[in-house]
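Survey of secondary and tertiary structure
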Amino acid sequence: MPLAVAALVALATLSTAVMSAAAAGQTSGSGSDSGSDVVRIVARKLADDRLEFGIQQQDTSGSWNERMLPRLRFFAADATIDRWLQSSPLTVQVAGSQATEVVVRIVARQLANGKVEFALRKVLADGSWSGTLLPSARMFPTAARVGRWLSSTPISVVTTQPTESAAAARATRFSALDAGMFHTCGVRSDGTVACWGENARGQSDVPTGSYTAVATGNHHTCAVRSNGTATCWGENGSGQSIAPAGRFTAVTAGFWHSCGLRTDGTVDCWGNNSHSQLNAPSGQFSAIAAGQAHTCGLRTDGTVACWGSNPAQEYGQASPPGGTFKAISAGEHYTCGLRSNDTATCWGWNSSGEVVAPGGRFASVSASWYHTCGVRSNGTVTCWGNNANGERDAPSGQFSAVAAALAHSCGLRTDGSVTCWGVGYDFDHGQTDAPSGRFSAVSTSFNHSCALRVDGTVACWGDNSSGQGDPPSGRFSAVHASWHHTCGLGTDDTVTCWGRKDSLDDGQFDPPGGTFSAISGSRNYWCGLRSDGTLDCWGANESGQTNAPGGTFGAVSAGGFHACALRSTGTVNCWGSNTLGQRNGVPGGQFTSVSAGVFHSCALRADGTLACWGNSTADRLEVPSGRFSAVSIGGGRTCALRTNGTVTCWGDNQYGQNAAPRGRFTDVSASGYHSCGIRSDDTIECWGGALTVSPPRGVTYV
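Residues numbered from 1 in each chain as written. Predicted model: local features only at pLDDT ≥ 70, side-chain atom pairs only at ≥ 80, totals over all residues. Heavy atoms only, no water.

1. Concerning the sheet that holds strand S40 (residues 535-539)
In space, the three strands of this open sheet follow the order S38-S39-S40, with antiparallel pairing throughout. Single-partner strands in this sheet number two, and they are strand S38 (516-521) and S40. Between one strand axis and the next, the sheet turns by 20 degrees as a mean value, whatever way the strands run. Sheet analysis places strand S39 (residues 525-530) next to S40, joined by five bridges and oriented antiparallel. In the strand pairing of S40, Gly528 is matched with Asp536. (Pairing = 2+ DSSP bridges. Helix = DSSP H or I, 4+ residues; strand = E, 2+ residues; numbered from the N terminus. Axes fitted to C-alpha atoms, helices over the stretch in contact; angles between N-to-C directions.)

2. Structural notes on the environment of Gly411
Residue placement: Gly411 occurs in strand S30 (residues 408-413). Among the residues examined, Gly411 registers a relative accessible area of 0% and is labelled buried. Between the C-alpha atoms of Gly411 and Ser400, which are eleven residues apart in sequence, the distance is 7.7 Å. Beyond its immediate sequence surroundings of up to four residues, Gly411 is in contact with Leu177, Phe399, Ala401, Val402, Ser417, Val418, Thr419 and Trp421. (Buried < 20%, exposed > 50% of the residue type's maximum accessible area, 1.4 Å probe, protein only. Contact = heavy atoms within 4.5 Å.)

3. Description of the pattern of salt bridges
The tally for this structure, following the rule as stated, stands at twelve salt bridges. The salt bridge partner of Arg73 is Glu52, with a shortest N-O separation of 2.8 Å. Taken as a pair, Arg73 in the loop between strand S3 (51-57) and strand S4 (75-76) and Glu52 in strand S3 lie far apart in primary sequence, 21 residues in all. Here Glu52 falls in the buried class, since its relative accessible area comes to 5%. Asp342 is paired through a salt bridge with Arg361; the nearest N and O atoms lie 2.8 Å apart. Within this pair, whereas Asp342 is found in the loop between strand S24 (334-339) and strand S25 (344-348), its partner Arg361 is found in the loop between S25 and strand S26 (362-367), the two being separated by 19 residues in sequence. (Salt bridge = Lys/Arg side-chain N within 4 Å of Asp/Glu carboxyl O.)

4. Some details on the confidence of the model for the protein
Detailed reading of predicted coordinates is not advised where the pLDDT is low. This prediction gives the protein a mean pLDDT of 86; 87% of its residues lie at or above 70. Scored below 50 in pLDDT, residues 1-16 makes 59 contacts in the model with residues more than four places away or belonging to other chains. Confidence over residues 22-34 falls short of pLDDT 50; this stretch has 34 contacts with residues more than four positions distant or in other chains. (pLDDT = per-residue confidence, 0-100.)

5. A closer look at the nonpolar core
Counting residues in hydrophobic clusters, the biggest one holds 23 residues, and the most contacted among them are Ile55, Val104, Ile106, Phe118, Leu120, Phe140 and Val157. For this core, the elements supplying multiple residues, two or more each, are strand S2 (38-45), S3, strand S6 (90-93), strand S7 (101-110) and strand S8 (116-122). Sorting elements by how many residues they give to this core places S7 first, with four residues. Each residue touching Val104, except ones within four places of it in the same chain, is listed here: Ile55, Ser88, Pro89, Leu90, Val92, Arg121, Lys122, Trp129 and Val157. (Core = buried A, V, L, I, M, F, W, Y, C linked by side-chain atoms within 4.5 Å.)

6. Thoughts on unusual backbone geometry
A positive phi angle, close to 70 degrees, is found at Asp493, a residue other than glycine. Along the chain, Asp493 falls in the loop between strand S36 (485-490) and strand S37 (495-499). For Asp493, a relative accessible area of 31% gives the class partly exposed. Phi at Asp682 takes a positive value of approximately 75 degrees, unusual for a residue other than glycine. Along the chain, Asp682 falls in the loop between strand S51 (674-679) and strand S52 (684-688).

7. Here's the deal with the side chain of Ser204
Following the sequence through the fold, Ser204 ends up in the loop between strand S13 (193-198) and strand S14 (211-216). Only 2.9 Å separates the side chain of Ser204 from the backbone oxygen of Glu198, close enough to count as a polar contact. Not counting the four nearest positions on each side in its chain, Ser204 is found in contact with His183, Cys195, Trp196, Gly197, Glu198, Asn199, Trp233 and Val693. (Polar contact = N/O pair within 3.5 Å; in protein donor to acceptor, adjacent residues only side chain to side chain.)

8. Brief notes about the state of the cysteines
In total, this model carries 14 disulfides according to the counting rule given. A sulfur-sulfur distance of 2.0 Å marks the disulfide that ties Cys296 to Cys306. Across the disulfide from Cys296 to Cys306, rotation about the S-S bond amounts to roughly 105 degrees, and the bridge is consequently right-handed. With Cys296 in strand S21 (residues 294-299) and Cys306 in strand S22 (residues 304-308), the pair connects residues that are ten residues apart, well separated along the chain. Residues Cys296 and Cys306 agree in their burial class; the two are buried. The residue that forms a disulfide with Cys676 is Cys686, at a sulfur-sulfur distance of 2.0 Å. Residues Cys676 and Cys686 are joined by a disulfide whose S-S torsion is about 105 degrees; by sign, that bridge is right-handed. With Cys676 in strand S51 and Cys686 in strand S52, the pair connects residues that are ten residues apart, well separated along the chain. (Disulfide = S-S within 2.5 Å.)

9. Some points on the pairing of strand S27 (residues 371-376)
Summarising burial for S27: six of the six residues are buried, a large majority. What you see with S27 is no split at all: His371, Cys373 and Val375 on one side and Thr372, Gly374 and Arg376 on the other are buried throughout. Here five bridges tie S26 to S27, and the two strands are oriented antiparallel to one another. Considered in S27, the bridge of Ser366 is made with Cys373. The antiparallel pairing of S26 with S27 creates a hairpin that spans three residues between the two strands. The turn linking S27 back onto strand S28 (residues 381-385) is made up of four residues, and Gly379 within it adopts a positive phi angle of 90 degrees.

10. A few points about the sheet that holds strand S32 (residues 439-444)
The strands that make up a sheet pair up through hydrogen bonds in the backbone, lying either parallel or antiparallel. Taken in spatial order, the three strands make up an open sheet running S32-S33-S34, and their pairing is antiparallel. The strands lining the two open edges of the sheet, one partner per strand, are S32 and strand S34 (458-462). The mean angle between the axes of side-by-side strands here comes to 20 degrees, regardless of whether they run parallel or antiparallel. Sheet topology places strand S33 (residues 448-453) next to S34; five bridges connect them, and they run antiparallel. Each bridged residue has a counterpart across the sheet, and for Ala451 the counterpart in S34 is Ala459.

11. So, the environment of Gln317
Structurally, the position occupied by Gln317 is in the loop between S22 and strand S23 (325-330). A C-alpha to C-alpha distance of 5.8 Å links Gln317 and His333, two positions 16 residues apart in sequence.

12. As for the environment of Gly353
With respect to the secondary-structure elements, Gly353 resides in the loop between S25 and S26. Taking the C-alpha atoms as reference points, Gly353 and Gly385, 32 residues apart in sequence, are found 4.4 Å from one another. Among all residues touching Gly353, those that are not within four sequence positions of it are Trp384 and Gly385.

13. Observations regarding the packing of aromatic side chains
For the coordinates displayed, the defined rule picks out 15 aromatic pairs. Ring plane angle 55 degrees and centroid distance 6.1 Å describe the contact between Phe53 and Phe118, whose orientation is recorded as tilted. Taken together, the positions of Phe53 in strand S3 and Phe118 in strand S8 put the pair 65 residues apart, joining distant regions of the chain. One exposure class covers both Phe53 and Phe118, and it is buried. Taken together, a centroid distance of 6.1 Å and an interplanar angle of 65 degrees make the contact between Phe248 and Trp270 edge-to-face. Highlighted residues: Phe248 in strand S17 (residues 248-253) and Trp270 in strand S19 (residues 267-271), separated in sequence by 22 residues. Neither Phe248 nor Trp270 differs from the other in exposure class; each is buried. A connected cluster of aromatic rings, assembled from ring pairs, spans Phe255, Trp256 and Trp369. In this structure, Arg40 packs its charged tip against the face of Trp64, placed 4.2 Å from the ring centre. (Phe/Tyr/Trp six-rings, centres within 6.5 Å; stacked < 30°, edge-to-face > 60°. Lys NZ or Arg CZ within 6 Å of the ring centre and 35° of its normal.)

If you want it as structure tokens, here you go:
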């Protein structure tokens, strides 16, 4: 994942801690003699205030070889303080040593005093990453000259090096574990919480502090602090991350709601209540578990009470069986419990056998989406249900707890380490690694980007798991990247799409016939402006987003579940979802362009100023002053092109997607996690895109 750090400040510590310019740019020229195990970190400031970094290896003659640059090697702004972030790996060849090849990565963190610290980590014999190897001079000053390479002091990647504190090194053992949809969190033995996996909504950005319990939801996380208060982070569209005041002993996180067990044994819930999943019954409870839209609690007498979604007993996830239980776990549409005799019982949805618990005695059980896992009384793990991604294939060994997620599972071993199996989520697909060449337009999506070359051909980069990055040959006049597919407007004005076409396709892959002058797509639907100025939309329609209004228009933009278009009269018309006011909050006046996002919309007035409406979280509606020539919304943030050619971005910024580089641009495109712009020389530059957090030390995937 890309590194992200805030602007660096001048150092006020010993000069020996500052990276040096001595010979940082010198190389041996050949790079052929790599007999030494000594390397150093090199970094330089760019004109847009980012930092670029790499390593140099010393050869046996003492000279420094050419710089080795990792693919992910740039700093953006707003890093979390004291959180180590990392580059992509590099391989160092070490001839004549106890190791012939060492894999390393550069890591960096922002300190509370504003300093930025660089270091290395290396792959150990067991495949895990080592502790942080700290060169003595490892700080980069802001006063550095732009473009000048500075270097750290040398460090050996084979022999023992100074590492982070012993206390930090010991913080690799866990005492509790929980897995969400695409992310996992654990409470370490020192009371800190570590989360890894997807971080698209900040669900893996753990606040500092000491904790006793953690619970992972769909895209948010909740935890109990050591002082008994509850705190949540991540997605908050329904208030699921706004924990109430008071003292708690446990928390649970569902899809769009959360619940906590107070110290007096009562249950308090917050967030979405569309299915009454917040309406906890009175009485005393000893445990709670939240599913997608239902919640279950274990009463102090051992019986189970459930409330929330249970439509016409279709699944029965909120209809627990009789008897007494010792533990409960809620999945998406089903629930499991550990009976007083240590057998496992599940009830509710059974699409893949997830409720068909095997016989035998268990110590704990964990329900997820389509599979369930349990720790048997002998300490081994058994899973049942769906196994499309190997999420059921638990490794051997002794475990004290297990957590099942959508397509992966993790187990807490008796030695405090964590082992996971199934899908190891990593959403960095190189979506910011723009190709070289000259371009006239660019479009960004969830994890891939596409652009129109000046010769009319299309180039795509990033995720290509569904073929969305394989454009057909031929020439196009426009291109638009969506989640799992891409569409282009040919020179004959017909629409051609490529990418996913399977059971998950809602019709968005099949555009209607005829000719168009513009197209715009979202996750599961598209809208096009026909050559006669009328609108045509196709694909999913759960919120009415494909019910385009009549009349003639000059532009159209497809957002998350709503769309907006610019009428020929210069007014803006929106349709589809209005849960956040993104449809009916359209201001009056004359506009020249419009952009619809997931949570809000923006339009460019005839006088060059901007107007935005919809959800105001993360200052999404705090429009900057000045005049603009273009605007683009991606997810919960906005980028706009000023009339002087510079780019300004605002709104959600967990991944540095608002840190637009300096210089002049002719086009800009914003997505939920990264942005790209076309510079005045027709080249493309992208920024942002850190979607995941890598597993911490003490966690391995098999």
